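Residue-level listing of the chains:
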Amino acid sequence: MAGRLAGKRCFVTAAGQGIGRASAIAMAAEGGRVVATDRDAAKLAGLEAHGIEVRALDVLDDAAVAAAIAAAGPLDVLFNCAGFVHQNTVETCTDAEWDFAFALNVRSMWQTIRAALPGMAGRGGGAIVNMASACSSVKGAPNRFLYGTTKAAVIGLTKSVATEYVTQGIRCNCLCPGTVDTPSLGERIAANAAAAGGLEQARAAFVARQAMGRLATAEEMAALVVYLAAPESTFVTGQAIVIDGGWTL
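Below or above, wherever it landed, is the structure these notes cover. As the structure is a prediction and not an experimental result, all values here were calculated from the model.

**Side note on the nonpolar core**
Within the largest apolar cluster, 61 residues are counted, with the highest numbers of intra-cluster contacts made by Phe11, Ile19, Met27, Val34, Phe79, Ile128 and Leu175. In terms of residue count, the dominant contributor to this core is helix α7 (residues 218-229) (8 residues). Core analysis: the second largest hydrophobic core is formed by 6 residues, Cys135, Ala141, Tyr147 and Trp247 among them.

Have a look at this one:
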C-alpha cells in the first residue's frame, strides 16, 4: 500500500540525530523521497539504508541552502529542524550568543523557506513544518531566555508565511515540543551535571518538569511532523501545535 507521502519530495535539515533523523526515517517509511541534510555529514550515516538521499549542508550558508534545495528539485515538504539551545538569562546572554541563535534558529528558516517557495508554488502547493518549542511565546522557562525568544520568533515566522501563501496551497505550521530525549538534551544534561550533583540528578530535573513523568521520544515528534506534511492535514495551517506531555498545563 502506498504511504501517506508517496512520491512527495521532502527536505529535512538537522537530520543527523534526534527529531530530524527520526522524521526523515518516518517520512521515507511513508513513501516520501527524502533528502536528509546536516552540517556534520558523519551523523547522516545509515540513513541511505532507508532509501534516503543524504547531503552535508550548513544552513548558515545561504548560497549552499539555495543550491541544495534547487538540487533536490521542487519540494512538496520542507522540515526545518536545525537549531541550538542556549542556557542563559537576559543578563548572562552575550552578543555573540544572540547573533548565533537568531542566525541558526530563525534566519536559516527564512532562507530555506524562501528557497523552497517558488518550487512549491509551481507544483500547486506544499507543506512547511518548522521546529519551534513550548518554550517560546507559549511558555517561559528558567535559563532559556535566548532560546525562548528565538522560538517565539519561529512561531511568528510560521504564521506570517501561512498567511501570505494560504491561497497558493502552501501550508506552514510549527511544532512546540516539551522535553524530548535526544542527543541534544544529553548535552544539556551533561552541562548541568556538576551543578545538579551528577548526571542522574540533572536528568531527573528535566523529567520532573514533564507532567507525564517522562521525556518524549523523537519518534513521537516525527509522527506529528508526518501528519503536518501529509494530505490529512491539508486544512491545517498557521498553527503552533503544542506536544509537550502536559508541561504547559
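**Points about the pairing of strand β4 (residues 77-80)**
Here β4 shows two buried faces, one formed by Val77 and Phe79 and the other by Leu78 and Asn80. Judged from the 3 bridges that link them, strand β1 (residues 9-12) and β4 form a sheet pairing that is parallel. Bridge pairing in β4 links valine 12 to phenylalanine 79. Pairing geometry for β4 and strand β5 (residues 126-131), over 4 bridges, is parallel.

**Some remarks on the sheet that holds strand β7 (residues 240-243)**
Read from one edge of the open sheet, 7 strands run β3-β2-β1-β4-β5-β6-β7, paired in parallel fashion. For this open sheet the edge positions go to β3 (53-56) and β7, each flanked by a neighbour on one side alone. Geometrically, the sheet is characterised by an average inter-axis angle of 20 degrees between neighbouring strands, direction not taken into account. This element, helix α4 (residues 145-165), spans β5, β6 (170-177) and β7 of the sheet and lies at about 160 degrees to β6.

**Looking at the pattern of salt bridges**
Following the criterion strictly, the structure yields 6 salt bridges and no others. Glutamate 30 serves as the salt-bridge partner of arginine 4, at 3.4 Å between the closest nitrogen and oxygen. Of the two residues, arginine 4 is situated in the segment before β1 and glutamate 30 in the loop between α1 (18-29) and β2 (33-38); the sequence distance between them amounts to 26 residues. Aspartate 181 is the salt-bridge partner of arginine 203, the closest N and O atoms lying 2.8 Å from each other.

**Thoughts on the packing of aromatic side chains**
For the coordinates displayed, the defined rule picks out 3 aromatic pairs. Summarising the aromatic geometry, the rings of phenylalanine 84 and phenylalanine 100 are spaced 5.8 Å apart at their centres and angled 75 degrees between planes, so their arrangement reads as edge-to-face. With a gap of 16 residues between them, phenylalanine 84 in the loop between β4 and α3 (95-122) and phenylalanine 100 in helix α3 connect regions that are remote in the sequence.

**Side note on the side chain of asparagine 173**
In this structure, asparagine 173 sits in strand β6. On the accessibility criterion, asparagine 173 (0% relative accessible area) is buried. A distance of 3.1 Å separates a polar atom in the side chain of asparagine 173 from the backbone nitrogen of glycine 238. Sequence-distant contacts of asparagine 173, defined by excluding residues within four places in its chain, comprise Ile128, Val129, Asn130, Thr158, Leu228, Val236, Thr237, Gly238 and Gln239.

**Regarding the environment of isoleucine 241**
Residue placement: isoleucine 241 occurs in strand β7. A residue is classified by how much of its surface remains accessible, and isoleucine 241, at 23% relative accessible area, is partly exposed. Spatially, the C-alpha atoms of isoleucine 241 and glutamine 17 are 22 Å apart, while their sequence positions differ by 224 residues. Leaving out residues up to four positions away in the same chain, isoleucine 241 has contacts with Cys174, Leu175, Cys176, Leu224 and Leu228.

**Let's talk about the pairing of β5**
Of all 6 residues that make up β5, 6 are buried, and the element is covered over most of its length. Neither face of β5 is open: one carries Gly126, Ile128 and Asn130, the other Ala127, Val129 and Met131, and all of them are buried. On the question of chirality, the crossover connecting β4 to the parallel β5 by way of α3 is right-handed. Across 6 bridges, the pairing between β5 and β6 is parallel. For asparagine 130, the partnering residue across the bridge sits in β6 and is cysteine 174. One crossover worth recording links β5 to the parallel β6 by way of α4, and it is right-handed.

**Some details on the packing of helix α5 (residues 183-196) against helix α6 (residues 199-208)**
For the pair α5 and α6, the least separation of the axes is 7 Å and the interaxial angle reads 115 degrees. Taken as a pair, α5 and α6 cross one another with a handedness that is right-handed. Counted together, Leu185, Arg188, Ile189, Ala190, Asn192, Ala193 and Ala196 of α5 and Leu199, Gln201, Ala202, Arg203 and Phe206 of α6 form the full contact between these two elements. Here the residues of the contact of α5 with α6 are counted per class, giving 8 nonpolar, 2 polar and 2 charged.

Thresholds, definitions, all that
- Residues numbered from 1 in each chain as written.
- Predicted model: local features only at pLDDT ≥ 70, side-chain atom pairs only at ≥ 80, totals over all residues.
- Heavy atoms only, no water.
- Core = buried A, V, L, I, M, F, W, Y, C linked by side-chain atoms within 4.5 Å.
- Buried < 20%, exposed > 50% of the residue type's maximum accessible area, 1.4 Å probe, protein only.
- Helix = DSSP H or I, 4+ residues; strand = E, 2+ residues; numbered from the N terminus.
- Pairing = 2+ DSSP bridges.
- Axes fitted to C-alpha atoms, helices over the stretch in contact; angles between N-to-C directions.
- Contact = heavy atoms within 4.5 Å.
- Salt bridge = Lys/Arg side-chain N within 4 Å of Asp/Glu carboxyl O.
- Phe/Tyr/Trp six-rings, centres within 6.5 Å; stacked < 30°, edge-to-face > 60°.
- Polar contact = N/O pair within 3.5 Å; in protein donor to acceptor, adjacent residues only side chain to side chain.
- Right-handed = clockwise from strand over helix to strand, strands pointing away.
- Left-handed = near helix turned anticlockwise from the far one by under 90°.
- Nonpolar A, V, L, I, M, F, W, Y, C, P; charged D, E, K, R; others polar.

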